[in-house]
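So the chains spell out like this:
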Amino acid sequence: MLEQVITEPDNYAPFLLSQGIRYGNLLFISGQAGAGDDGRIVEGGFRAQGEQAFANLRRALEAGGSSLKEVVKVTIFVTDMGHFADVVELRRKFFSAPYPADTIAEVKALYDPAAMIEIEAIAAVREA
């Protein structure tokens, strides 16, 4: 059975997207960018956006009954691969060994011209 993950605020609803979908013991989280609760991309450059994107990812994972520790696969989209070292540092800060499988890809643009990073994830959900 599919179960929708909803967070507050839910900036995804107007676009007919789910923050995530839980299917059995797997949780699929939609791309999380560096947007604050108001839906706007945070100021401060790539690192600030990355910190916010990981905070948004954490919130969505927890809403779905999981956590950053349970992420098995992450895909990180950046608009400039010149920030690769920053991505590695963000991974070091928010993940721990064994680190999740990962794909990092440079894309021409994200949903908002100001967005520089977006993170999607697949995580395990442990039974209580």
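Further up the page is the structure itself.
Just so you know, these numbers come straight off a predicted model, no measurement behind them.

### Considerations on the sheet that holds strand 2 (residues 20-23)
Read from one edge of the open sheet, 6 strands run 1-2-3-6-4-5, paired in mixed fashion. The open sheet has two free edges, formed respectively by strand 1 (2-5) and strand 5 (101-106), since each of these has just one partner strand. In this sheet, adjacent strand axes meet at a mean angle of 15 degrees when their direction is disregarded. The pairing of strand 4 (residues 71-78) with strand 5 spans 6 bridges and is classified as parallel. Bridging across to strand 5, valine 78 finds its partner in glutamate 106. Its contacts with the sheet put helix 1 (residues 45-63) on strand 1, strand 3 (26-33), strand 4 and strand 6 (117-124), and the angle it makes with strand 3 is roughly 150 degrees. Where helix 2 (residues 84-94) meets the sheet, it contacts strand 4, strand 5 and strand 6, and its direction lies at approximately 150 degrees from that of strand 4.

### Here's the deal with the layout of surface pockets
Taken as a whole, the largest pocket spans an internal volume of roughly 380 Å³. Along the wall of the largest pocket there are 20 residues; nearest its centre are Asn11, Tyr12, Gly31, Ala35 and Tyr111. Of all the elements, strand 3 adds the most residues to the lining of the largest pocket, at 4 residues. Looking at the lining of the largest pocket residue by residue, the classes come out as 8 nonpolar, 9 polar and 3 charged. Roughly 160 Å³ of internal volume is contained in the second largest pocket. In terms of lining residues, the second largest pocket is bounded by Leu68, Lys69, Val71, Phe94, Phe95, Ser96, Ala97, Pro98 and Pro100.

### Considerations on a nonpolar patch on the surface
Side chains of Leu2, Tyr23, Leu26 and Phe28 sit close together on the surface and give an oily, nonpolar patch of about 420 Å² of accessible area. For leucine 26, the location among the structural elements is in strand 3. A relative accessible area of 38% places leucine 26 in the partly exposed class.

### Section: the packing of aromatic side chains
For the coordinates displayed, the defined rule picks out 2 aromatic pairs. Relative to phenylalanine 94, the ring of phenylalanine 54 has its centre 4.6 Å away and its plane inclined at 5 degrees; by these criteria the two rings are stacked. Of this pair, phenylalanine 54 sits in helix 1 while phenylalanine 94 sits in helix 2; the two residues are 40 residues apart in sequence, bridging distant segments of the chain. For phenylalanine 54, a relative accessible area of 1% gives the class buried. What makes phenylalanine 94 buried here is its relative accessible area of 12%. Measuring from centroid to centroid gives 5.5 Å for phenylalanine 54 and phenylalanine 95, while their planes differ by 75 degrees, and the two rings are edge-to-face.

The rules we used
- Residues numbered from 1 in each chain as written.
- Predicted model: local features only at pLDDT ≥ 70, side-chain atom pairs only at ≥ 80, totals over all residues.
- Heavy atoms only, no water.
- Pairing = 2+ DSSP bridges.
- Helix = DSSP H or I, 4+ residues; strand = E, 2+ residues; numbered from the N terminus.
- Axes fitted to C-alpha atoms, helices over the stretch in contact; angles between N-to-C directions.
- Contact = heavy atoms within 4.5 Å.
- 1 Å grid on protein atoms, 1.4 Å probe; cavity = no way out; pocket = protein on both sides within 12 Å on 5 of 7 lines; lining within 4 Å.
- Points joined across faces, edges and corners; volume = space filled by probe spheres on them.
- Nonpolar A, V, L, I, M, F, W, Y, C, P; charged D, E, K, R; others polar.
- Patch = residues over 30% accessible without salt bridge, like charges linked within 9 Å, V, L, I, M, F, W, Y side chains within 5 Å.
- Areas by Shrake-Rupley, 256 points an atom, 1.4 Å probe, with all protein chains shown as cover.
- Salt bridge = Lys/Arg side-chain N within 4 Å of Asp/Glu carboxyl O.
- Buried < 20%, exposed > 50% of the residue type's maximum accessible area, 1.4 Å probe, protein only.
- Phe/Tyr/Trp six-rings, centres within 6.5 Å; stacked < 30°, edge-to-face > 60°.

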